[in-house]
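# A closer look at the structure
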Amino acid sequence: MEKENKKYSDPQDREQTKRGTSQSEEAMNNEVKDNLSEKMQTPETGEQQELQQKYDELNDSYLRLFADFDNYRKRTLKEKADIIKSGGEKVLKDIIPLIDDFERAIVALHQSDDKEAILEGIDLIYNKFMNFLQQHGIKEIEAIGLPFDPEKFEAVGTIPAPEESQEGVVIDLVQKGYTLNDKVIRFPKVIVGA
């Protein structure tokens, strides 16, 4: 105990002991910092170089893939615009012969007095036009005699049903409806029995 008291009895000794401890701690901290900074400044190890190379390759492939996708997106947008712009071309080419038939019918109407021949010509043109519509996927929606369905028909009015069995059934057709490839493009306007 005497040694301990002697050791710490003098305030100068106590201060010197503290300074010695703090100086050794500072020296250790400085050494650790030096080692870390040396490691950070040393040239990359083989593993780090390999990882950097993989990163560069992946980044390069990502950039190329992104550029390819961007080019693809622009190309498809252009193709869609071209399709929209000239999409009706085939339909219009197919309708031109019908226009020719109508023009011939108009000339015949003005020059001929034979009513039967004119009606026959107009019937032929009508049938040709209906075939043209069917070839392009347009079909007439059947309506008369079917139960009224608000998802298929547009009711424009109701009339008293002549028979009890015709209540809620389509009795008359005001305007035909059509589908294009099974999608309704115009709903039939109907009169329903009440």
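Residues numbered from 1 in each chain as written. Predicted model: local features only at pLDDT ≥ 70, side-chain atom pairs only at ≥ 80, totals over all residues. Heavy atoms only, no water.

Attention now moves to unusual backbone geometry. Positive phi values are uncommon outside glycine, yet asparagine 181 reaches one of about 50 degrees. Within the fold, asparagine 181 resides in the loop between β4 (178-180) and β5 (183-186). Residues other than glycine seldom take positive phi values, yet aspartate 182 does so here, at roughly 70 degrees. Relative to the helices and strands, aspartate 182 resides in the loop between β4 and β5. (Helix = DSSP H or I, 4+ residues; strand = E, 2+ residues; numbered from the N terminus.)

Below, the discussion takes up the confidence of the model for the protein chain. Should the pLDDT be low somewhere, the predicted coordinates at that spot are not to be read in detail. When pLDDT is averaged along the protein chain, the result is 79, and 77% of the positions lie at 70 or above. In the model of the protein chain, helix α1 (residues 2-9) stands out as the element of lowest mean pLDDT, 48, in contrast to helix α3 (residues 46-86), which has the highest, 91. When the criterion is pLDDT under 50, residues 1-8 qualifies, and its contacts beyond four places in sequence or with other chains add up to 3 contacts. (pLDDT = per-residue confidence, 0-100. Contact = heavy atoms within 4.5 Å.)

Strand order across the open sheet formed by 3 strands is β2-β6-β3, with mixed pairing between neighbours. Looking at which strands have only one partner, the edges of the open sheet turn out to be β2 (154-159) and β3 (170-175). Averaged over all neighbouring strand pairs, the angle between strand axes comes to 30 degrees, with direction disregarded. Strand direction decides the pairing type here: β3 and strand β6 (residues 189-193), joined by 4 bridges, are antiparallel. Bridge pairing in β6 places glutamine 175 opposite lysine 189. (Pairing = 2+ DSSP bridges. Axes fitted to C-alpha atoms, helices over the stretch in contact; angles between N-to-C directions.)

So, on to the sheet that holds β5. Taken together, 3 strands build an open sheet; the order of strands is β1-β4-β5 and the sheet is antiparallel. The strands lining the two open edges of the sheet, one partner per strand, are β1 (138-140) and β5. The sheet shows a mean angle of 35 degrees between the axes of neighbouring strands, direction not considered. Taken together, the 3 bridges between β4 and β5 define a ladder with antiparallel strand orientation. By the bridge assignment for β5, threonine 179 is matched with valine 184.

A few words now on the environment of proline 150. With respect to the helices, strands and loops of the structure, proline 150 is situated in the loop between β1 and β2. Expressed as a C-alpha distance, the spacing of proline 150 and phenylalanine 187, which sit 37 residues apart in the sequence, is 9.8 Å.

Between helix α4 (residues 89-111) and helix α5 (residues 115-135), the least distance of the axes is 10 Å, while the angle of their chain directions is 170 degrees. Put simply, α4 runs roughly antiparallel to α5. Here Val91, Asp94, Ile95, Pro97, Leu98, Asp101, Phe102, Ala105, Ala108 and Leu109 of α4 come into contact with α5, specifically with Ile118, Ile125, Lys128, Phe129 and Phe132. Broken down by class, the residue content of the contact of α4 with α5 amounts to 12 nonpolar, no polar and 3 charged. (Parallel < 35°, antiparallel > 145°, perpendicular 65-115°, else oblique. Nonpolar A, V, L, I, M, F, W, Y, C, P; charged D, E, K, R; others polar.)

Look at α5: 30 Å from first C-alpha to last across 21 residues, which is about the 30 Å you get at 1.5 Å a residue. Among the residues of α5, those classed as buried are Ile118, Ile125, Met130, Phe132 and Leu133. Burial along α5 is one-sided: seen end-on, the buried residues are contained in an arc of 155 degrees. The exposed set on the far side of α5, more than 90 degrees from its buried face, consists of Glu116, Glu120, Leu124, Gln134 and Gln135. Remark: glycine 137 follows α5 within two positions and exhibits a positive phi of approximately 85 degrees. (Expected span 1.5 Å × (residues − 1). Buried < 20%, exposed > 50% of the residue type's maximum accessible area, 1.4 Å probe, protein only. Arc of directions from axis to C-beta.)

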